[in-house]
Amino acid sequence: MDNRLTTLERAYQLAKLGEFVGIGELKARLVAEGYANASDQLYGQTLLADLRRLSAAARAKSGPSV
């Protein structure tokens, strides 16, 4: 059985880390991890806004980077 996360699940997981400033960086990370269909699956204003919001909140919570 394959327990690998779906592209969307992994995108949300990565966004919550707060490591990415833009969606392009997040998509590049997904592709690097073997999610070749990331660009095809991550689209739409609501989804992208949600990923940006989660990432920004995680960055704000972790404090300013030095």
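Residues numbered from 1 in each chain as written. Predicted model: local features only at pLDDT ≥ 70, side-chain atom pairs only at ≥ 80, totals over all residues. Heavy atoms only, no water.

Draft legend 1. How the structure looks around the overall build of the protein. Helices and strands together make up the secondary structure of the protein, namely 4 helices and 0 strands. Along the protein, helices (α) and strands (β) appear in the sequence α-α-α-α when read from the amino end. Its C-alpha atoms give the protein a radius of gyration of 12 Å, within 12% of the compact-globule value 11 Å for 66 residues. Taking the principal axes of the C-alpha coordinates as reference, the protein spans close to 40 × 25 × 15 Å. Out of the 66 residues in the protein, the part that is buried amounts to 32%. (Helix = DSSP H or I, 4+ residues; strand = E, 2+ residues; numbered from the N terminus. Rg over C-alpha atoms; globule rule 2.2 N^0.38 Å. Buried < 20%, exposed > 50% of the residue type's maximum accessible area, 1.4 Å probe, protein only.)

Draft legend 2. Main features of the nonpolar core. Judged by nonpolar contacts, the single largest core of 14 residues is most densely connected at Ala11, Leu14, Ala15, Leu26, Leu30, Leu42 and Leu51. For this core, the secondary-structure elements that each account for two or more residues are helix H1 (7–15), helix H2 (23–32) and helix H4 (45–62). In terms of residue count, H4 provides more of this core than any other element does, 4 residues in total. Aside from chain neighbours lying at most four places away, what touches Leu26 is Ala11, Leu14, Ala15, Phe20 and Leu42. (Core = buried A, V, L, I, M, F, W, Y, C linked by side-chain atoms within 4.5 Å. Contact = heavy atoms within 4.5 Å.)

Draft legend 3. Inspection of the confidence of the model for the protein at higher detail. Per-residue confidence for the protein averages 91 on the pLDDT scale, and 94% of its residues sit at or above 70. By mean pLDDT, helix H3 (residues 38–41) is the weakest element of the protein at 92, and H1 is the strongest at 97. (pLDDT = per-residue confidence, 0-100.)

Draft legend 4. Structural detail: H2. Taken together, the buried positions of H2 are Ile23, Leu26, Lys27 and Leu30. For H2, the angular spread of the buried residues around the axis is 100 degrees, confining them to a single face. The outward face of H2, more than 90 degrees from its buried face, is lined by the exposed residues Gly24 and Ala32. Contact partners of the buried residues in H2: H1, H3 and H4. Where H2 ends, the next residue or the one after it, Gly34, has phi of about 100 degrees, a positive value. (Arc of directions from axis to C-beta.)

Draft legend 5. Just the packing of aromatic side chains, in detail. What the rule picks out here adds up to 0 aromatic pairs. Over the ring of Tyr35 we find Arg4; its NZ or CZ atom is 3.8 Å from the centre of that ring. (Phe/Tyr/Trp six-rings, centres within 6.5 Å; stacked < 30°, edge-to-face > 60°. Lys NZ or Arg CZ within 6 Å of the ring centre and 35° of its normal.)

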